[in-house]
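# Architecture and fold: a report
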Amino acid sequence: MFTLCLHQTNFTMARIKIILYKSKTYSDGRHPLMIQITHKRITKRISLNRQLFADEWDEESGLPTKGATHYQSITSKVIEKRATIDRILTEIEREKADYHIDEIVNKFKSPSVQISFTEYFKEIHDRLLKTKKYGNAEAYQSALNSLVRFAGKENILFSEIDYKFLVKWREFHVGNGNSVNGHNVYLKPIRAVFNRAISEEIISANNYPFKTYKLSSKPTKKRALAKEDMQKIVDLDLIEDSDLWHTRNLFLFSFFTIGMSWVDLAYLKLSNVKGGRIDYARKKTGKDYSIQINEKIDSILKYYSKGKKQSEFIFPILFALLLNCDNNCYVNN
């Protein structure tokens, strides 16, 4: 049984419990698993960096219920961390009759059991995918790719990302002909991961580099196309069914649908089209949109909807990506 452990001497007593901390709920409805330590009327909790739904946790056994998401890996982690905290308590109580709760916490959070920034970042990325926040997941992956290219290695520690590191990364990014604003797009997910790591007690707030490093931006010039230029694109004489012809269709469809994003175009199904409107939820934000179908939208829809079922994607973008096409490549499905 893993729910309760009592370590006692003549002077001290520590209670240890593995809990599903229901006072905190993530956006997908799951709760964090934590080690709860109570000593001298002080309670502290240490995140195990794992999450479960309420019905996936057995309070009595202190283990996930069978059938829970990642049952085997989470069970192994709970047993491993339970053994670690018990060993730490045994060592501390063997050395001294009286001790402070912070000694337990600090030993448990020693570098030997700390998760790296890269490992934790990937866990956050996986959470985004599981909650179908594909737009955010794509932005996070791009940020990590840029960070790894600069660092020159896959595994990066939290302690390595400090003020100097961030300044050098910005200089590296701008030195390669990119903009400061573009670099900020990468920095925002990095900052968000640091904030979450601190809130989940993965790292100390003292490790937060954005206390001193501030995101700066430069005003961007307006890049909207003139009406005359848009008409030129519409009037272009292109070979039907060519890559460029399909590319123009997708561009115009996005334009006519008030800037529908690339990922939303890719996941748009025939079932989203009903009653003269396109109803869909944006992948990045989950916000619902309803767009009236005009003649220009309708003509593009009719071409790509021929012979398709309600459950099928309208545009074969994902099919093209699966075939590892270049950006300009278009494949009919």
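Here's what I pulled together on the structure shown here. (Residues numbered from 1 in each chain as written. Predicted model: local features only at pLDDT ≥ 70, side-chain atom pairs only at ≥ 80, totals over all residues. Heavy atoms only, no water.)

### What to know about the overall build of the protein
Of regular secondary structure, the protein possesses eleven helices and nine strands. Taken over 333 residues, the protein has a buried fraction of 39%. In the protein, the share of contacts with a sequence separation of at least 24, taken over all contacts with a separation of at least 6, comes to 51%. Put simply, the protein shows about 19,600 Å² of open surface, and 51% of that area lies on carbon and sulfur atoms. (Helix = DSSP H or I, 4+ residues; strand = E, 2+ residues; numbered from the N terminus. Buried < 20%, exposed > 50% of the residue type's maximum accessible area, 1.4 Å probe, protein only. Contact = heavy atoms within 4.5 Å. Areas by Shrake-Rupley, 256 points an atom, 1.4 Å probe, with all protein chains shown as cover.)

### Observations concerning the side chain of Q36
Relative to the helices and strands, Q36 resides in strand β3 (residues 31-39). Looking at Q36, its side chain comes within polar contact range of the side chain of R45, at 3.0 Å. In this structure Q36 touches R15, I16, K17, I19, T43, K44 and R45, once residues within four positions along its chain are discounted. (Polar contact = N/O pair within 3.5 Å; in protein donor to acceptor, adjacent residues only side chain to side chain.)

### A closer look at the nonpolar core
Of all hydrophobic cores here, the largest spans 30 residues; its most connected members are F117, L147, I190 and F194. Mapped onto this core, the elements with two or more residues apiece are α3 (117-130), α4 (134-151), α5 (163-175) and α6 (180-199). I190 has contacts with F117, F121, A143, L147, W169 and F210, leaving out every residue within four places of it along the chain. (Core = buried A, V, L, I, M, F, W, Y, C linked by side-chain atoms within 4.5 Å.)

### Focus on the packing of aromatic side chains
Per the counting criterion, the structure on display carries 21 aromatic pairs. Seen from their ring centres, Y120 and F158 are 6.1 Å apart, and the 50° between their planes marks the pair as tilted. With a gap of 38 residues between them, Y120 in helix α3 and F158 in the loop between α4 and α5 connect regions that are remote in the sequence. Side by side, Y120 and F158 carry an identical accessibility label, which is buried. With centroids separated by 6.5 Å and ring planes inclined at 70°, the aromatic side chains of F194 and Y208 adopt a geometry described as edge-to-face. Residue F194 is found in helix α6, and its partner Y208 is found in the loop between α6 and α7 (227-235); the two are separated by 14 residues along the sequence. Among the aromatic residues, ring-to-ring pairing joins F117, Y120, F121, Y140, F158, Y163, F194, Y208, F210 and Y213 into one connected group. A cation over an aromatic ring shows up here: R127 above the ring of Y26, its NZ or CZ 5.2 Å from the ring centre. (Phe/Tyr/Trp six-rings, centres within 6.5 Å; stacked < 30°, edge-to-face > 60°. Lys NZ or Arg CZ within 6 Å of the ring centre and 35° of its normal.)

### Description of unusual backbone geometry
In the Ramachandran plot, N49 falls in the positive-phi region, its phi being about 60° despite a non-glycine side chain. By the element assignment, N49 lies in strand β4 (residues 42-52). Accessibility expressed as a relative area gives 5% for N49, which makes it buried. Even without glycine at this site, H70 takes up a positive phi of about 55°. Topologically, H70 is positioned in the loop between β6 (63-64) and α1 (71-95).

### Concerning the pairing of strand β8 (residues 277-281)
Residues I278 and Y280 line the buried face of β8, whereas the alternating positions R277, D279 and A281 sit on a face that is not buried. Bridge count between strand β7 (residues 273-274) and β8: two bridges; the pairing is antiparallel. Residue pairing in the sheet places V273 in a bridge with I278 of β8. Counting the residues between successive antiparallel strands, the hairpin from β7 to β8 contains two residues, one of them, G275, with a positive phi of roughly 60°. Relative to strand β9 (residues 288-292), β8 runs antiparallel, the two being bridged by five bridges. When the sheet's bridge partners are listed, A281 is paired in β9 with D288. The turn joining β8 and β9, which pair antiparallel and follow one another in sequence, is formed by six residues; a positive phi near 80° is taken by G286. (Pairing = 2+ DSSP bridges.)

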